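Structural characterization, general
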Amino acid sequence: MEQNNQTWVHEFILLGLSRDWDTQVSLFVLFLFMYLVTVLGNVLIILLIRLDSRLHTPMYFFLTNLSLVDVSYATSIVPQLLAHFLAAHKAIPFLSCAAQLFFSLGLGGIEFLLLAVMAYDRYVAVCDPLRYSVIMHAGLCLRLVITSWVSGSINSLVHTAITFQLPMCTNKYIDHISCEILAVVRLACVDTSSNEIVIMVSSIVLLMTPFFLVLLSYIQIISTILKIQSTEGRKKAFQTCASHLTVVTLCYGTTIFTYIQPHSNPSVLQEKLISLFYAVLMPMLNPMIYSLRNKEVKEAWQKLLGKFSGFTSKLTQ
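In the nomenclature of an unreviewed UniProt entry, the chain corresponds to Olfactory receptor from the organism Cricetulus griseus. Quoted straight from UniProt, the Sequence similarities (unreviewed entry) entry for the chain says "Belongs to the G-protein coupled receptor 1 family."

And the structure:
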């Protein structure tokens, strides 16, 4: 009984970004604004794709899922972060911490897998356009999306279960903005080197497998584009991939630059900033990138705004 009392932790304390009150208030305002923009942007993208029949294609089906993942991932971390900026006691219950870890880890993995799926979609669109509708049929698209969601969720469930079975003793201070897996594992009062190795190997597999699929897809895409004779044809082919390539570069580039370096050992501050990048910045940027760099989305926005302005003008008459 005494051992159980020693190893059971009812809540954790998140140390967050700063202890200075003025800094926390400023960060609260900044991240609240970014979170509202994230939710609004992603929800509008989902609604736009739903309302415009021209966007009922595999690419935008995948984009709908990406937007859903982005807004869910941000919601798994940012509201709790905002609450802690204004709270004196920055505690998170044990079960809430486990849930946050499961959802953030799972949704992060799903995003990387979806980006690989979208890269394959662009590969077929550019390299085999005549058979695009045959290859990327509704059944295949649905299976690819379900596989991404299930794979990311199972990976997260296994890691969450293993992590929260570790004895935490009386150590409950997490030096992070959220219940990030390595930050929680470091609280254990037993040797966790094997756990950290498993986490690292799993993370590399979940990151590098989709990354190599993306890389292979774009090698073929670039090769095909370079073979196109006309400048206009090359430009049009590249434009079909520009938005996805921008998101892939930001998403994979940050992780690879940080972790896949010789003698790489990110500091606690770097880990916090990386978490903020994926939880706050990327979900906010993705809708903007797909809106500003995509001709079809811009045309759909113009069509929708035109209908809305026409509707409002009728009401005022």
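The rest of the description comes next.
Moving on, we come to the layout of surface pockets. Each pocket or cavity is described by its volume, and for the largest pocket that value is around 490 Å³. For the lining of the largest pocket, the element with the highest residue contribution is helix H9 (residues 231-259), accounting for 5 residues. Here the lining of the largest pocket is composed, by residue class, of 4 nonpolar, 4 polar and 8 charged. Of the volumes computed, that of the second largest pocket is approximately 240 Å³.

The next subject is the UniProt feature "transmembrane region" (unreviewed entry) in the chain. With numbering matched to this structure, UniProt assigns "transmembrane region" (unreviewed entry) to residues 25-48, 60-78, 98-120, 197-219, 240-261 and 273-292. As a span, residues 60-78 carries 100% helix and 0% strand, and end to end its C-alpha atoms are 26 Å apart. Split by type, residues 98-120 is 100% helix and 0% strand. Its first and last C-alpha atoms lie 33 Å apart.

What follows covers empty space enclosed by the protein. Evaluation of the coordinates by the stated rule reveals 2 cavities of 30 Å³ or more. Every residue lining the second largest cavity is listed: Leu14, Leu15, Gly16, Leu17, Ser18, Gln24, Gln80, Leu81, His84, Phe85, Lys90 and Ile177. The element best represented in the lining of the second largest cavity is helix H3 (residues 58-85), accounting for 4 residues. Here the lining of the second largest cavity is composed, by residue class, of 6 nonpolar, 5 polar and 1 charged.

This paragraph deals with the sheet that holds strand S1 (residues 11-14). In space, the 3 strands of this open sheet follow the order S2-S1-S3, with mixed pairing throughout. The outermost strands of the open sheet, each flanked by one partner alone, are strand S2 (91-93) and strand S3 (173-174). Strand direction decides the pairing type here: S1 and S3, joined by 2 bridges, are parallel. Pairing of Ile13 across the sheet is with Tyr173, part of S3.

Mapping Ala87 onto the fold places it in the loop between H3 and S2. With 66 residues separating them along the chain, Ala87 and Trp21 place their C-alpha atoms 9.9 Å apart.

Criteria and cut-off values
- Residues numbered from 1 in each chain as written.
- Predicted model: local features only at pLDDT ≥ 70, side-chain atom pairs only at ≥ 80, totals over all residues.
- Heavy atoms only, no water.
- UniProt positions renumbered as here; feature names shortened; annotations may be inferred.
- 1 Å grid on protein atoms, 1.4 Å probe; cavity = no way out; pocket = protein on both sides within 12 Å on 5 of 7 lines; lining within 4 Å.
- Points joined across faces, edges and corners; volume = space filled by probe spheres on them.
- Helix = DSSP H or I, 4+ residues; strand = E, 2+ residues; numbered from the N terminus.
- Nonpolar A, V, L, I, M, F, W, Y, C, P; charged D, E, K, R; others polar.
- Pairing = 2+ DSSP bridges.

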